[in-house]
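What follows is each chain in one-letter form.
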Amino acid sequence: MPHDSVARFLAALSPEDREAVGKQSGAEQEKLAAAWEAELAGDDLDTLDELSPPAAESEAARRAVAGTTPEAEETTD
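The numbering scheme is per chain: residues are counted from 1 as the chain's sequence reads. In view of the model being predicted, local features appear only for residues whose pLDDT reaches at least 70, and side-chain atom pairs are presented and counted only at 80 or more, with totals across whole chains, interfaces and linings using the full set of residues. Hydrogens and waters are ignored; side-chain quantities use all the structure's heavy atoms.

**Some remarks on helix H5 (residues 53-66)**
Each α-helix turn comprises 3.6 residues. Residues three or four places apart therefore point the same way.
Then, in step 1: Strands here mean DSSP runs of E at least two residues long; helices mean DSSP runs of H or I at least four residues long; both are numbered from the N terminus. A helix is expected to reach a length of 1.5 Å times the quantity of its residues less one. The terminal C-alpha atoms of H5, which comprises 14 residues, lie 20 Å apart, in line with the 20 Å expected from a rise of 1.5 Å per residue.
Then, in step 2: The complete set of buried residues in H5 reads Ala56, Ala60, Ala61, Arg63 and Ala64. Down the axis of H5, the buried side of the element spans an arc of 165°, and every buried residue falls inside it. Exposure classes here rest on a 1.4 Å probe applied to the protein chains alone. A residue is buried below 20% of its type maximum, exposed above 50%, and partly exposed in between. Each C-beta atom gives one direction from the helix axis, and the arc is the one those directions make.

**Some remarks on the packing of helix H1 (residues 3-12) against helix H3 (residues 26-41)**
Then, in step 1: Where H1 meets H3, the closest approach of the two axes is 9 Å, and the angle between their N-to-C directions is 75°. On the basis of their axis angle, the class for H1 and H3 is roughly perpendicular. Across the interface between the two elements, Ser5, Val6, Arg8, Phe9, Leu10 and Ala12 from H1 touch Gln29, Glu30, Leu32, Ala33, Trp36 and Glu37 from H3.
Then, in step 2: Taken together, the residues of the contact of H1 with H3 sort by class into seven nonpolar, two polar and three charged. To obtain an axis, a line is fitted to C-alpha atoms, over the contacting stretch when the element is a helix, and the angle between two such axes runs from 0 to 180 degrees between their N-to-C directions. Angles below 35 degrees are treated as roughly parallel, those above 145 as roughly antiparallel, those between 65 and 115 as roughly perpendicular, and all remaining angles as oblique. Contacts are residue-level and defined by heavy atoms, with any inter-residue pair within 4.5 Å sufficient. Residues are grouped as follows: Ala, Val, Leu, Ile, Met, Phe, Trp, Tyr, Cys and Pro are nonpolar; Asp, Glu, Lys and Arg are charged; every other residue, Gly included, is polar.

**Quick notes on the environment of Ala7**
Then, in step 1: Among the secondary structure elements, Ala7 is positioned in helix H1.
Then, in step 2: Along the primary structure Ala7 and Gln29 are separated by 22 residues, whereas in three dimensions their C-alpha atoms are 9.5 Å apart.

**Thoughts on the packing of aromatic side chains**
Then, in step 1: Pairing of aromatic side chains here covers Phe, Tyr and the six-membered ring of Trp, requires ring centres within 6.5 Å, and sorts the geometry by plane angle: under 30 degrees stacked, over 60 edge-to-face, intermediate tilted. A complete count under the given rule lists one aromatic pair for this structure.
Then, in step 2: Geometrically, the ring pair formed by Phe9 and Trp36 is tilted, given 5.8 Å between the ring centres and 50° between the ring planes. Taken together, the residues span a long stretch of sequence, with Phe9 in helix H1 and Trp36 in helix H3 at a distance of 27 residues. In this structure, Phe9 and Trp36 share a single accessibility class: buried.

**Notes on the confidence of the model for the protein**
Then, in step 1: Overall, the prediction assigns the protein a mean pLDDT of 81, with 75% of residues at 70 or greater.
Then, in step 2: In predicted models, pLDDT denotes the confidence assigned by the predictor to each residue on a 0 to 100 scale. Taken element by element, the predicted model of the protein shows its lowest mean pLDDT in helix H6 (residues 70-75) (50) and its highest in helix H2 (residues 15-22) (93).

**Regarding the side chain of Glu39**
Then, in step 1: With respect to the secondary-structure elements, Glu39 resides in helix H3.
Then, in step 2: Residue Glu39 is classed as buried on the basis of its relative accessible area, which comes to 2%.
Then, in step 3: Counting of polar contacts relies on pairs of N or O atoms within 3.5 Å, with two restrictions inside protein: one atom must be capable of donating a hydrogen and the other of accepting it, and residues adjacent in sequence are counted only when both atoms are side-chain atoms. Of the polar contacts made by the side chain of Glu39, one reaches the side chain of Arg63; its length is 2.5 Å.

The structure is reproduced here in structure tokens:
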């Protein structure tokens, strides 16, 4: 995954989450960035994305860190 995806993901995080994720390994950061991008591609953020793309990116980042993405829910079953 390109480094710019990780940088964009980190920028979308709250300062507290950014600090916590910044302490994780590069591989874990890439995994979270991939989950973030998958969340952004999902349908449930469409309205928020139309109203405020930065808010949608931030919400998707929060979900990726919290592990509440649809992909995370599928792997816990």
